[in-house]
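Listed below, chain by chain, are the residues.
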Amino acid sequence: MQVSSPQDYLPIIIQFALALGFVVLSMIASHAIGPKRKAKIKDEQWECGIESVGDARAPISIKYFLVAILFVLFDVEVIFMYPWAVNFRYLGWIGFVEMVIFMGFLLTGYFYIIKKGVLNWE
Amino acid sequence: MESVLIFKAIFILVVFGITLLTATYSTLAERKVAGFLQDRLGPDRAGPYGLLQPLADAVKMFFKEEFIPSSANKWLFIAGPSLAMLTALMTSAVVPFGDSIIWDGQEFKLQGMEINIGILYVFGIVSLGVYGIMVGGWASNNKFSLLGAIRAASQNISYELAMGLSIIAIMMMTGSLDLNAVVKGQAGFHGMAWNVFYQPLACIIFIVCAFAECNRTPFDLPECETELVGGYHTEYSSMKLGLYLFSEYTNMFVSSAVISILFFGGYNFPGQDLLPFSHNVITIIGAAVFFGKILFFIFFFMWVRWTLPRFRYDQLMGLGWKSLLPLAIVNVMITGAVILLTGK
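This is a predicted model, so every value here is computed, not measured.

1. Some details on the overall build of chain B
Logical step 1: Per the secondary structure count, chain B includes 13 helices and two strands.
Logical step 2: Over its C-alpha atoms chain B spans a radius of gyration of 21 Å, differing by no more than 12% from the 20 Å that the globule rule assigns to 344 residues.
Logical step 3: Taken along the three principal axes of its C-alpha coordinates, chain B extends 60 × 45 × 45 Å.
Logical step 4: When the 344 residues of chain B are sorted by exposure, 61% land in the buried category.
Logical step 5: In chain B, of all internal contacts separated by at least 6 residues, the share reaching a separation of at least 24 is 79%.
Logical step 6: In chain B, 20 positive and 22 negative side-chain charges are present, and the distance between their average locations comes to 6 Å.

Dropping the structure here:
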């Protein structure tokens, strides 16, 4: 496999500068051109014309948090599989069996969370 | 070295312009396609066939009032759409748009950044994209925005898992994380050895996940107007809203490019090794074919949007976690066993 040298990454700076320039310019232009009228009631956040109750700094369903935690767990496994996949032919059957065992552990945890009803949205 | 860097700078500038232009005209194409599918005309007032419509929209966006709610976190409110657009524009750097041009004895690759971890780079940037939506929705301090933003975050991370796993099968076949190597690996059978024929399941999983990552129908729950008014961009106006919408179309362009590279042969086209042309001409035809594939997938995104109804949220999460994730793992295992058994 070929090796990348640090100067191969130089174009990303050009790309980043272009993207940043575009975003900043359009933000400034939109800020400078558009009209601005301020009023106390007009500046409130809008909730369907009904008078808003409280703000959005309220607790939310725990399900979203659980999904986020599970994502972190599973995503680490996925990233762990990337180098294995690249060197798959080199590792051969031994690497394959090792990965099947690893996947077995992973799937055990997966069935546990399914059975626990973590992913049931009721 | 200098000439290569200058070439890269010009190439990135051109690709940047093409990305913006395609995204701009996707907004028109979306409405034209919607019109076509619903048996009406679509926008046709601005310029011939409505071709100036994107320009009119942009001018309108810039001249609209820029509204920031008094209870919002001002800087985060501005940072949200900026981040969304910034991440959307960063991905195209690693996309190989064509093979290479040989000029004056020097070889110039039609790829902004030739690195051997192209796929990882794409995934890294794509997963940053969720911050733009999350930050903007939270900073609005509006319950609808917050719900939309959390939905978006939850949905994106769930589908990222299946997406990452579906790619593994491709990497096992190619043995590389380099996007250019993936394309080169599909050059067999006169340019028809596309991964979609070897990995149909991975292809379907990847495309479904790409729809979810771009927040496109049938997975557009973050901006589900029947439940959440406008979702995460309820509070946004003027070009801030414009950047959110624009980043969606830019993401669509990049996703279409990545789908064509990973599964549909990238710049390979049938009969490329049979044509009696020079290397440079073949490269240019290949780049045009690649662009055609991108346009097809952008059309496909729109076609699906105006054909399918929206998922319910529990169905969406169920599909991601209970169907696509196990399917992707099974696909990796089958691919591994087949590669080892056939010894290819």
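2. Points about unusual backbone geometry
Negative phi is the rule for most residues except glycine; trans is the rule for most peptide bonds.
All names here are of chain B.
Logical step 1: We note that N215 has phi near 55 degrees; this positive angle belongs to a residue other than glycine.
Logical step 2: By secondary structure assignment, the location of N215 is in the loop between α9 (200-213) and α10 (225-228).
Logical step 3: The backbone of S238 sits at a positive phi, close to 50 degrees, despite the residue not being glycine.
Logical step 4: Tracing the backbone through its elements, the reader meets S238 in helix α11 (residues 238-263).

3. Points about the interface of chain A and chain B
Many structure descriptions define interface size as the accessible area lost when the parts assemble.
Logical step 1: Every contact between the two is made by 69 residues of chain A and, on the other side, 87 residues of chain B.
Logical step 2: Summed over both sides, the interface between chain A and chain B buries roughly 7100 Å², with carbon and sulfur atoms accounting for 71% of that surface.
Logical step 3: The interface formed by chain A and chain B holds zero salt bridges in total.
Logical step 4: At the surface where chain A touches chain B, the tally comes to eight residue pairs in polar contact (both at pLDDT 80 or more).
Logical step 5: Mapped onto the side of chain A that touches chain B, the elements with two or more residues apiece are α1 (11-33), α2 (62-86) and α3 (88-115) of chain A.
Logical step 6: No other element matches α1 of chain A, which puts 16 residues into the side of chain A that touches chain B.

4. Quick notes on the confidence of the model for chain B
Any region with low pLDDT has predicted coordinates that should not be read closely.
Logical step 1: Averaged over all residues, the pLDDT of chain B is 85; the fraction at 70 or higher stands at 98%.
Logical step 2: Within chain B, the lowest mean pLDDT, 68, falls on α10 of chain B, and the highest, 90, falls on α9 of chain B.

5. Concerning the environment of V281 of chain B
Logical step 1: The residue V281 of chain B is located in helix α12 (residues 279-305) in this model.
Logical step 2: Separated by 111 residues in the primary sequence, V281 of chain B and I170 of chain B have C-alpha atoms spaced 29 Å apart.

6. Focus: the packing of aromatic side chains
Logical step 1: In this structure the tally under the stated criterion is 28 aromatic pairs over all chains.
Logical step 2: Consider the rings of F74 of chain A and W321 of chain B, whose centres lie 5.7 Å apart with planes at 80 degrees: the pair is edge-to-face. Remark: W321 of chain B occurs in helix α13 (residues 313-342) and F74 of chain A occurs in helix α2; the pair is interchain, linking two chains.
Logical step 3: Residue classification places W321 of chain B among the buried positions, given a relative accessible area of 0%.
Logical step 4: Each member of the aromatic cluster is reached from another via a ring pair, and the members are W194, F197, F211, F264, F296, F297, F299, F300, F301 and W303 of chain B.
Logical step 5: Above the face of the W75 of chain B ring, K74 of chain B is positioned so that its terminal group lies 5.4 Å from the ring centre.

7. Brief notes about a nonpolar patch on the surface
Residue and element names in this part refer to chain B.
Logical step 1: Together, F36, L37, F296, F299, W303 and W306 make up an exposed nonpolar region whose accessible area comes to about 600 Å².
Logical step 2: Among the secondary structure elements, those contributing two or more residues to the nonpolar patch are α1 (2-37) and α12.
Logical step 3: Tallying contributions element by element places α12 first for the nonpolar patch, with three residues.
Logical step 4: Within the fold, F299 resides in helix α12.
Logical step 5: Judged by relative accessible area, which is 31%, F299 ranks as partly exposed.

8. Thoughts on the packing of α2 of chain A against α3 of chain A
All names here are of chain A.
Logical step 1: Axis separation between α2 and α3 bottoms out at 10 Å; the angle between their running directions is 170 degrees. What the angle tells us is that α2 and α3 run roughly antiparallel. Between α2, through L70, F74, E77, F80, M81, W84, A85 and V86, and α3, the contact on the second element is made entirely by F88, L91, G95, F96, M99, F102, M103, L106, Y110 and I113.
Logical step 2: Of the residues belonging to the contact of α2 with α3, the class tally is 16 nonpolar, one polar and one charged.

9. Details of the nonpolar core
One broad rule of soluble globular proteins: the nonpolar side chains tend to lie buried together.
Logical step 1: In terms of nonpolar packing, the biggest core is built from 113 residues, with W84 of chain A together with I168 and L262 of chain B touching the most fellow members.
Logical step 2: Apart from the residues lying within four places of it in its own chain, the contact partners of W84 of chain A are L91, G95, F96 and M99 of chain A together with I168, M172 and V332 of chain B.
Logical step 3: Judged by nonpolar contacts, the second largest core, of twelve residues, contains I68, A84, A152 and Y232 of chain B.

Analysis parameters
Residues numbered from 1 in each chain as written. Chains lettered and ligands numbered in written order. Predicted model: local features only at pLDDT ≥ 70, side-chain atom pairs only at ≥ 80, totals over all residues. Heavy atoms only, no water. Helix = DSSP H or I, 4+ residues; strand = E, 2+ residues; numbered from the N terminus. Rg over C-alpha atoms; globule rule 2.2 N^0.38 Å. Buried < 20%, exposed > 50% of the residue type's maximum accessible area, 1.4 Å probe, protein only. Contact = heavy atoms within 4.5 Å. Lys, Arg positive; Asp, Glu negative; His and termini not counted. Charge placed at Lys NZ, Arg CZ, Asp CG, Glu CD. Buried area = accessible area lost by both parts, 1.4 Å probe. Salt bridge = Lys/Arg side-chain N within 4 Å of Asp/Glu carboxyl O. Polar contact = N/O pair within 3.5 Å; in protein donor to acceptor, adjacent residues only side chain to side chain. pLDDT = per-residue confidence, 0-100. Phe/Tyr/Trp six-rings, centres within 6.5 Å; stacked < 30°, edge-to-face > 60°. Lys NZ or Arg CZ within 6 Å of the ring centre and 35° of its normal. Patch = residues over 30% accessible without salt bridge, like charges linked within 9 Å, V, L, I, M, F, W, Y side chains within 5 Å. Areas by Shrake-Rupley, 256 points an atom, 1.4 Å probe, with all protein chains shown as cover. Axes fitted to C-alpha atoms, helices over the stretch in contact; angles between N-to-C directions. Parallel < 35°, antiparallel > 145°, perpendicular 65-115°, else oblique. Nonpolar A, V, L, I, M, F, W, Y, C, P; charged D, E, K, R; others polar. Core = buried A, V, L, I, M, F, W, Y, C linked by side-chain atoms within 4.5 Å.

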